[in-house]
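# Descriptive structure summary
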Amino acid sequence: MHARDTGPLGARRVSAGGYGSTMLPLLLSLGIAYWFALGAGRLSAAFGLPRVTAYLLVGVAAGPSLGRLGLPALLSSAQLQHLVPLHDVILGLIVFSIGGSFSFGTIRRLGLRRFTISVVEIGLTAILVMTGVALMGMSLLAAGFLALMSITTAPAATQMVMREYQSEGQLTDTILPLIGANNLVAIIFSSC
């Protein structure tokens, strides 16, 4: 490596055709999608709908799914692949914050009865989905996978709606630990 191939402090320069050339269009596309999402979120709130609904719709409209229909896509599948590490960090932070509300003190305070309800809900959901999918003719492996996915809960969307509406009370205090329990069961079974 020659001296001209390095930048300040010996950092290697990225060539025009390297990783850096793909990041600028990605960041520009993300910025545009972000501004559309903010505007759509405000419009959604004006109609009394949760902002997260508009964020999800903008994500679908900006993503590659509309590109498959022949419409121009703001974000391609290749661009989204560059965001996988960021996605993993964000999901880790969300699950970490849910785990913070899932303590033995919370279990004692809420009572074992609510967690029994969660176990029944997880079991019935998995059994009904697996049975229904198997009856539709899919393999037991596919039915089991879909049953496992059916018991997961979207903690980020749930938290966003609870924060937006400033919900408080017994139901709100119960939801986060139960989301944690659902996702914990799904993670344990998916790693087996």
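Relevant structure appears above.
If you're wondering where the values come from, they're calculated on a predicted model, not measured in any experiment. (Residues numbered from 1 in each chain as written. Predicted model: local features only at pLDDT ≥ 70, side-chain atom pairs only at ≥ 80, totals over all residues. Heavy atoms only, no water.)

### Focus on the pattern of salt bridges
Cut-off, in case you're wondering: Whenever a carboxyl oxygen of Asp or Glu lies within 4 Å of a side-chain nitrogen of Lys or Arg, that contact is scored as a salt bridge. Strands here mean DSSP runs of E at least two residues long; helices mean DSSP runs of H or I at least four residues long; both are numbered from the N terminus. Working definition: with a 1.4 Å probe on protein chains only, accessible area under 20% of the residue-type maximum means buried, over 50% means exposed, and in between means partly exposed.
Summed over all chains, the structure comprises 1 salt bridge. In this structure, Glu-164 engages Arg-51 in a salt bridge whose closest nitrogen and oxygen atoms are separated by 3.9 Å. Of this pair, Glu-164 sits in helix α9 (residues 155-164) while Arg-51 sits in helix α2 (residues 51-62), and the two are 113 residues apart along the sequence. The class of Glu-164 is partly exposed, set by a relative accessible area of 27%. Judged by its relative accessible area of 30%, Arg-51 falls in the partly exposed class.

### Describing the packing of aromatic side chains
Where we set the bar: Classification of ring pairs uses Phe, Tyr and Trp, with its six-membered ring standing for Trp, and accepts pairs whose centres are within 6.5 Å; under 30 degrees between planes counts as stacked, over 60 as edge-to-face, and the remaining range as tilted.
Summed over the entire model, instances satisfying the criterion amount to 1 aromatic pair. Judged by centre distance (6.1 Å) and plane angle (75 degrees), the ring pair of Tyr-34 and Trp-35 falls under edge-to-face.

### Quick word on a nonpolar patch on the surface
Which entries qualify depends on this criterion: Candidate patch residues must exceed 30% relative accessible area and have no salt bridge, after which like charges are joined if within 9 Å and Val, Leu, Ile, Met, Phe, Trp or Tyr side chains if within 5 Å. Each accessible area value is a Shrake-Rupley result obtained with a 1.4 Å probe; residue values ignore everything except the protein chains displayed when judging cover.
Where nonpolar side chains cluster on the molecular surface, the patch consists of Met-138, Phe-145, Leu-146 and Met-149 and spans about 360 Å² of accessible area. With respect to the helices and strands, the residue Leu-146 is situated in helix α8 (residues 140-150). We classify Leu-146 as partly exposed; its relative accessible area is 33%.

### Observations concerning the side chain of Gln-79
Filter applied, for reference: Residues are treated as being in contact if the distance between any of their heavy atoms lies within 4.5 Å.
As for its placement among the helices and strands, Gln-79 is situated in helix α4 (residues 77-81). Beyond its immediate sequence surroundings of up to four residues, Gln-79 is in contact with Pro-25, Leu-26, Ser-29 and Leu-74.

### Brief notes about the packing of α9 against helix α10 (residues 170-190)
Here is the rule: Helix axes are fitted to C-alpha atoms over the stretch in contact, other axes to C-alpha atoms as well, and angles between N-to-C directions run from 0 to 180 degrees. Just so you know how the angles are binned, under 35 degrees is roughly parallel, over 145 roughly antiparallel, 65 to 115 roughly perpendicular, and the rest oblique.
Contact geometry for α9 and α10: axes closest at 11 Å, N-to-C directions at 170 degrees. As judged from the angle between their axes, α9 and α10 are roughly antiparallel. Counted together, Pro-155, Thr-158, Gln-159 and Met-162 of α9 and Thr-172, Ile-175, Leu-176, Ile-179 and Asn-183 of α10 form the full contact between these two elements.

### Quick look at the environment of Leu-83
Summarising the element assignment, Leu-83 is placed in the loop between α4 and α5 (84-100). Spatially, the C-alpha atoms of Leu-83 and Leu-26 are 9.2 Å apart, while their sequence positions differ by 57 residues. Here Leu-83 is in contact with Leu-26 and Leu-30, once residues within four sequence places are set aside.

Purely geometric stuff here, so don't read any function into it on its own.
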